[in-house]
Amino acid sequence: ASPANAGAAELADELTAKFGRSSLTVSTAEEPCSSDSRASRRRSSVLRRSAPRRAGDATHMLLYLNEHTFVSDERLAEQVKQAREDRLKIVMAHEHDPDKGGC
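This one's a predicted model, so the numbers in the text were calculated from it and none came from an experiment.

K.L.:
Describe the pattern of salt bridges, naming the residues involved and giving the relevant values.
P.N.:
With the rule as written, the count across this model stands at two salt bridges. A salt bridge links Arg75 to Asp73; its shortest N-O distance comes to 2.7 Å. Given a relative accessible area of 18%, Asp73 falls into the buried group. Ionic pairing is found between Glu78 and Lys81, a salt bridge with its closest N-O pair at 3.4 Å. Of this pair, Glu78 and Lys81 both sit in helix H3 (residues 75-85), three residues apart, which is roughly one turn of the helix. Using a relative accessible area of 37% as the deciding quantity, one classes Glu78 as partly exposed.

Set out below in structure tokens:
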């Protein structure tokens, strides 16, 4: 999950716990990658086919939405743009709990 998307890692962990690691694998933007900035942005995509795969084999990007999503880290907008350019499916999870920034 992208460190630029606060709450996404926790949600990815919840999804992995519910559906099991055999059905999805979580990748983060912090995984080692080449110096190519496009490659590092591609690694912000979090849901992949069953392991073992390279981080660049992302099939989906998890986008956790709350009132802080696009105001807390400007990198996230660039990562979403890259995911769209890479034609990844974007799974949007809209937070409704006001205690977690739901809106």
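K.L.:
Lay out H3 with the relevant residues and their values.
P.N.:
Every buried residue of H3 is accounted for by Leu76, Gln79, Val80, Gln82 and Ala83. Here the buried residues of H3 occupy an arc of 160 degrees about the axis, which is enough to place them on one side. Positive backbone phi, approximately 60 degrees, marks Arg87, located one or two places after H3.

K.L.:
Account for the environment of Thr25, naming residues and giving values.
P.N.:
Among the structural elements, Thr25 can be located in strand E1 (residues 25-26). Residue classification places Thr25 among the buried positions, given a relative accessible area of 13%. Along the primary structure Thr25 and Ala12 are separated by 13 residues, whereas in three dimensions their C-alpha atoms are 9.1 Å apart.

Thresholds applied
The numbers attached to residues start from 1 for each chain and follow its sequence in the written order. The predicted nature of this model means local features are confined to residues of pLDDT at least 70 and side-chain atom pairs, given and counted, to a pLDDT of 80 or more, with totals for whole chains, interfaces and linings taken over all residues. No hydrogens and no water enter the side-chain calculation; it runs on all heavy atoms of the structure. Salt bridges are identified by distance alone: a Lys or Arg side-chain nitrogen within 4 Å of an Asp or Glu carboxyl oxygen. Exposure classes here rest on a 1.4 Å probe applied to the protein chains alone. A residue is buried below 20% of its type maximum, exposed above 50%, and partly exposed in between. Secondary structure elements are defined from DSSP: runs of H or I of at least 4 residues count as helices, runs of E of at least 2 residues count as strands, and each element is numbered from the N terminus. Arc definition: directions from the helix axis to the C-beta atoms.

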